[in-house]
Amino acid sequence: MMKIEKLPSGSYRIRKMYKGKTYTVVTDYKPTQKEALQLLAEKLDKAPAAKSEHLTFRSASEKYIEMKSNILSPRTIKEYTETPSRLSDSFNELLISDITQQDIQKEINTLAKTKSPKTVRNYHGFISAVISAFRPDMKIYTTLPQKRKSEPYIPSDDDVKRILDYAKGTAYEIPVALACYGLRRSEICALTIDDIEGDCISINKALVLDKDKNWVVKTTKTTASTRTIVIPSHIADLIRTQGYVYKGHPNSITDFLSATQKKLEIPHFSIHKLRHYFASKMSALNIPEENILQMGGWETDHVMKNVYRHAMADKNNEAQREAASKLSNVLFS
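Residues numbered from 1 in each chain as written. Predicted model: local features only at pLDDT ≥ 70, side-chain atom pairs only at ≥ 80, totals over all residues. Heavy atoms only, no water.

1. Remarks on the pattern of salt bridges
Logical step 1: Inspection of every chain in the model, using the stated rule, returns eleven salt bridges.
Logical step 2: Here Arg58 makes a salt bridge to Asp89, at a shortest N to O gap of 3.7 Å. One end of the pair, Arg58, is in helix α2 (residues 57-68); the other, Asp89, is in helix α4 (residues 89-92), with 31 residues separating them in the sequence.
Logical step 3: For Asp89, a relative accessible area of 56% corresponds to the exposed category. (Salt bridge = Lys/Arg side-chain N within 4 Å of Asp/Glu carboxyl O. Helix = DSSP H or I, 4+ residues; strand = E, 2+ residues; numbered from the N terminus. Buried < 20%, exposed > 50% of the residue type's maximum accessible area, 1.4 Å probe, protein only.)

2. Structural notes on the pairing of strand β7 (residues 215-218)
Logical step 1: Sheet topology places strand β6 (residues 206-209) next to β7; four bridges connect them, and they run antiparallel. When the sheet's bridge partners are listed, Leu207 is paired in β7 with Val217.
Logical step 2: Hairpin connection between β6 and β7: a loop of five residues separates the two successive antiparallel strands, and Lys213 in this loop has a positive phi of roughly 65°. (Pairing = 2+ DSSP bridges.)

3. A closer look at the nonpolar core
Logical step 1: Judged by nonpolar contacts, the single largest core of 42 residues is most densely connected at Leu178, Ile231, Val245 and Leu274.
Logical step 2: Among all residues touching Leu274, those that are not within four sequence positions of it are Pro155, Val160, Val176, Ala179, Cys180 and Phe269. (Core = buried A, V, L, I, M, F, W, Y, C linked by side-chain atoms within 4.5 Å. Contact = heavy atoms within 4.5 Å.)

4. Points about the side chain of Arg227
Logical step 1: Of note, Arg227 is situated in strand β8 (residues 227-230).
Logical step 2: Residue class for Arg227 comes out buried when judged on its relative accessible area of 5%.
Logical step 3: With near-sequence residues (within four places) excluded, Arg227 lies in contact with Gly182, Leu183, Arg184, Glu187, Ile201, Ser202, Ile203, Arg275, Gln294, Met295, Gly296 and Gly297.

5. Digging into the packing of aromatic side chains
Logical step 1: Here the structure, examined in full by the defined rule, presents eight aromatic pairs.
Logical step 2: Ring pairs connect the aromatic residues Phe57, Tyr64, Tyr80, Phe91 and Phe126, which therefore count as one cluster.
Logical step 3: It is Lys247 that lies over the ring of Tyr244; its NZ or CZ is 4.4 Å from the centre. (Phe/Tyr/Trp six-rings, centres within 6.5 Å; stacked < 30°, edge-to-face > 60°. Lys NZ or Arg CZ within 6 Å of the ring centre and 35° of its normal.)

6. Structural notes on the sheet that holds strand β4 (residues 196-197)
Logical step 1: Across the sheet, which stays open at both edges, the three strands sit in the order β4-β5-β8 with antiparallel pairing between neighbours. Pairing within the sheet leaves two strands with one partner each, and these edge strands are β4 and β8.
Logical step 2: Taken together, the two bridges between β4 and strand β5 (residues 200-203) define a ladder with antiparallel strand orientation. The residue of β5 that forms the bridge with Glu197 is Cys200.

7. What about the packing of helix α7 (residues 157-167) against helix α11 (residues 250-264)?
Logical step 1: Two numbers describe how α7 lies on α11: the axes approach to 10 Å, and their chain directions differ by 110°. Judged by the inter-axis angle, α7 sits roughly perpendicular to α11. Seen along the crossing, α7 lies across α11 with a hand that is right-handed. Two secondary-structure elements touch here, α7 through Arg162, Ile163, Tyr166 and Ala167 and α11 through Phe256, Leu257, Thr260, Gln261, Lys263 and Leu264.
Logical step 2: Of the residues that constitute the contact of α7 with α11, the class distribution is six nonpolar, two polar and two charged. (Axes fitted to C-alpha atoms, helices over the stretch in contact; angles between N-to-C directions. Parallel < 35°, antiparallel > 145°, perpendicular 65-115°, else oblique. Left-handed = near helix turned anticlockwise from the far one by under 90°. Nonpolar A, V, L, I, M, F, W, Y, C, P; charged D, E, K, R; others polar.)

This is how it looks when you write it as structure tokens:
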């Protein structure tokens with residue numbers, strides 16, 4: 001059990017027992033539970049790792065995941081647990097103490113033949129983390145496949161309006177509407193009636209798959225994801241009337257959206273793309289960037305600007321046209 005204690009000096013001490021040893025971190029501020037776990041994770045990373053002379057990469061992976069089990073989210077643990085099975089047997093059976101940069105590069109080159117650059121980078125991140133835990137002095141400098149610039153499809157106003165109209169009166173009316181207000185599917189599925197107050201909705205948890213493929217409720221994706229936003233009053237009233245937000249399987253929302261797009265002959269897009277729509281519309285409506293970040297639960301503007309750069313570009317083009325028109329009136333009228 002982790003403890004956060006205030007010391008007489010005004011500092012805060014975080015303590016946690018792990019494998020019979022107590023780890024302590026002292027801060028000059030009161031950390032949140034998530035911040036405390038992150039600080040402990042960094043402490044564990046610096047702690048001497050178990051002897052690795054006779055550990056294969058596969059065994060080292062299992063020990064690494066076990067070491068991080070109380071810190072990582074269920075979804076991350078699930079992804080980490082599945083990663084070794086996606087690597088080659090020859091790499092998994094290498095002794096962790098014998099792995100060279102050439103071994104890592106060879107494995108990455110093989111993965112790059114069939115996997116996307118993003119997937120390869122994720123696998124490399126796991127490989128690097130495991131090796132660094134048991135061989136902290138090893139420098140890893142792998143050449144990775146170049147990132148591909150994705151061109152995400154952003155639904156149009158007409159697409160969204162037709163889907164919302166089709167969803168009226170179904171179990172998916174509320175989930176689809178909330179997705180249009182920037183909520184992730186995992187956040188929607190974890191909401192309860194207690195999270196609604198007036199026309200405000202508190203987002204503080206998410207429903208995700210754990211390593212055993214069970215759906216579990218956990219804290220939100222990031223600290224910024226925990227937020228309170230305003231939703232249309234008729235949606236809030238609808239939630240109160242039926243007494244819940246959504247009771248079905250998370251994948252059923254995805255299936256409904258896909259079937260609706262097919263029936264209405266709308267280009268296919270995932271439920272997550274409604275977050276793209278949300279950000280683009282907020283930008284087009286001249287909502288300040290900091291408000292868009294807060295409403296959508298983004299921790300920084302990097303992801304938002306990268307994924308939704310098309311909407312930002314359109315807005316910039318409009319501003320430039322307006323400026324050019326004003327200058328034209330001065331010069332040529």
